[in-house]
Amino acid sequence: MSSLDITLLELAAENAELRLQLAEAQEQCIEMAVDAGALQAEIDALRAELAELRSSSAPSP
């Protein structure tokens, strides 16, 4: 096995490891996006509830 072959194998192994790390990072990004969407929906619901409470407790003219 030549030094070129060894270098190519090392690069292939490093590339495989980097691809695994990228896949893990992408999965984490997807999970964060899902969590962010759920939090945004909860915030929107709370804002609507707050607006409703404020309008129902406001004095009528």
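Caption draft 1: Broad picture of the overall build of the protein. Counting its secondary structure elements, the protein contains 1 helix and 0 strands. Relative to its length of 61 residues, the protein is extended, with a C-alpha radius of gyration of 26 Å against a globular reference of 10 Å. With the C-alpha coordinates of the protein rotated into their principal frame, the extents come out at 90 × 10 × 5 Å. Relative to its full complement of 61 residues, the protein shows a buried share of 0%. Summed over all atoms, the accessible surface of the protein reaches about 5,600 Å², with 62% contributed by carbon and sulfur.

Caption draft 2: Region of the structure containing the environment of Ala48. Relative to the elements of secondary structure, Ala48 occurs in helix α1 (residues 3-57). The partly exposed category is assigned to Ala48, whose relative accessible area is 47%.

About the criteria used
- Residues numbered from 1 in each chain as written.
- Predicted model: local features only at pLDDT ≥ 70, side-chain atom pairs only at ≥ 80, totals over all residues.
- Heavy atoms only, no water.
- Helix = DSSP H or I, 4+ residues; strand = E, 2+ residues; numbered from the N terminus.
- Rg over C-alpha atoms; globule rule 2.2 N^0.38 Å.
- Buried < 20%, exposed > 50% of the residue type's maximum accessible area, 1.4 Å probe, protein only.
- Areas by Shrake-Rupley, 256 points an atom, 1.4 Å probe, with all protein chains shown as cover.

Everything listed here is a matter of coordinates, which is why it stays silent on function.
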